[in-house]
Amino acid sequence: MKTKKDDLSQFQEEEKIADNLSGQQNEPTEAEAATEKETEDNCSDEEKLERELETLKDEYLRLRAEFENYRKRTLKEKSELIRNGGEKSMLELLPVIDDIEIAIKNITEATDVEALKEGILLIHSKFLDYLKKQGVTQIETERVPFDENFCEAIAVIPAQKEEDKGVILDCIKKGYMLNDKVIRHANVVVGQ
């Protein structure tokens, strides 16, 4: 399987070859230059224009081919990143899954409910730490003013106190943000 380093070195080699080709085309040898000058002197203006047109067409086709190769290579690299971009995240998540499997195995044999409860809380804490490392944070909803940018009111109940009006009284489903973007709004109950 090719690595990014292999792709980069291949790209650099292709660039060197392209530079050499273009350098060779742009800098004719003295003999070629002399021959070209003699030919130019003997040719009519129309033939000179045709030759120049052919040269420009050739350059254009080469540049177009180089660009197509570059485009295909970058598309391949992007698709590779998209396909395997989450690999590091998944590797960091595997220990949490291992802990859950151990807890499931111990549920059937456990006699001490407190130890089992403590184990589940540790797994939950470990998973929240993992999410924090990935930039995922919970939206704060405990007794804060309702903000529709972060929360979705699924119920409105009459407030018993004046200071409870417009305040979140209960959170039914927690909301989450990835960096500064809301990825799931919190479902809350608001006092009115």
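Everything below is about the structure shown above.
Being a predicted model, the structure only gives us computed values, none of them experimental.

Draft legend 1. Representation of the pattern of salt bridges in the model. In total, this model carries 6 salt bridges according to the counting rule given. Put simply, Asp99 and Lys126 hold a salt bridge, and the shortest N to O gap is 2.7 Å. In this pair, Asp99 is assigned in helix α4 (residues 87-109) and Lys126 in helix α5 (residues 113-133), connecting sequence segments 27 residues apart. With a relative accessible area of 23%, Asp99 lands in the partly exposed category. Across the pair Glu162 and Lys165 runs a salt bridge, and its minimum N-O distance is 3.7 Å.

Draft legend 2. How the structure looks around the pairing of strand β5 (residues 181-184). Pairing geometry for strand β4 (residues 176-178) and β5, over 3 bridges, is antiparallel. Paired with Tyr176 across the bridge in β5 is Arg184. Between the end of β4 and the start of β5, which pair antiparallel, lie 2 residues, with Asn179 showing a positive phi angle near 60 degrees.

Draft legend 3. Structural context of the sheet that holds strand β1 (residues 136-138). Read across the sheet, 3 strands follow the order β1-β4-β5 without closing on themselves; strand pairing throughout is antiparallel. Looking at the sheet topology across the chains shown, the edges are occupied by β1 and β5. Between one strand and the next, the sheet's axes are offset by a mean angle of 35 degrees, whatever the strand orientation.

Draft legend 4. Spotlight on the sheet that holds strand β2 (residues 151-157). Spatially, the 3 strands line up as an open sheet ordered β2-β6-β3, and their pairing is mixed. Among the strands making up the open sheet, the edge pair consists of β2 and β3 (168-173). The sheet shows a mean angle of 30 degrees between the axes of neighbouring strands, taken without regard to direction. Bridge count between β2 and strand β6 (residues 186-191): 6 bridges; the pairing is parallel. Bridged to Ala153 within β6 is Val188.

Draft legend 5. Fine view of the environment of Val96. With respect to the helices, strands and loops of the structure, Val96 is situated in helix α4. Here the alpha-carbon distance between Val96 and Ile123, two residues 27 residues apart in the chain, equals 6.6 Å. Excluding its chain neighbours within four sequence positions, the residues that come into contact with Val96 are Ile123, Lys126 and Phe127.

Rules used throughout
Residues numbered from 1 in each chain as written. Predicted model: local features only at pLDDT ≥ 70, side-chain atom pairs only at ≥ 80, totals over all residues. Heavy atoms only, no water. Salt bridge = Lys/Arg side-chain N within 4 Å of Asp/Glu carboxyl O. Helix = DSSP H or I, 4+ residues; strand = E, 2+ residues; numbered from the N terminus. Buried < 20%, exposed > 50% of the residue type's maximum accessible area, 1.4 Å probe, protein only. Pairing = 2+ DSSP bridges. Axes fitted to C-alpha atoms, helices over the stretch in contact; angles between N-to-C directions. Contact = heavy atoms within 4.5 Å.

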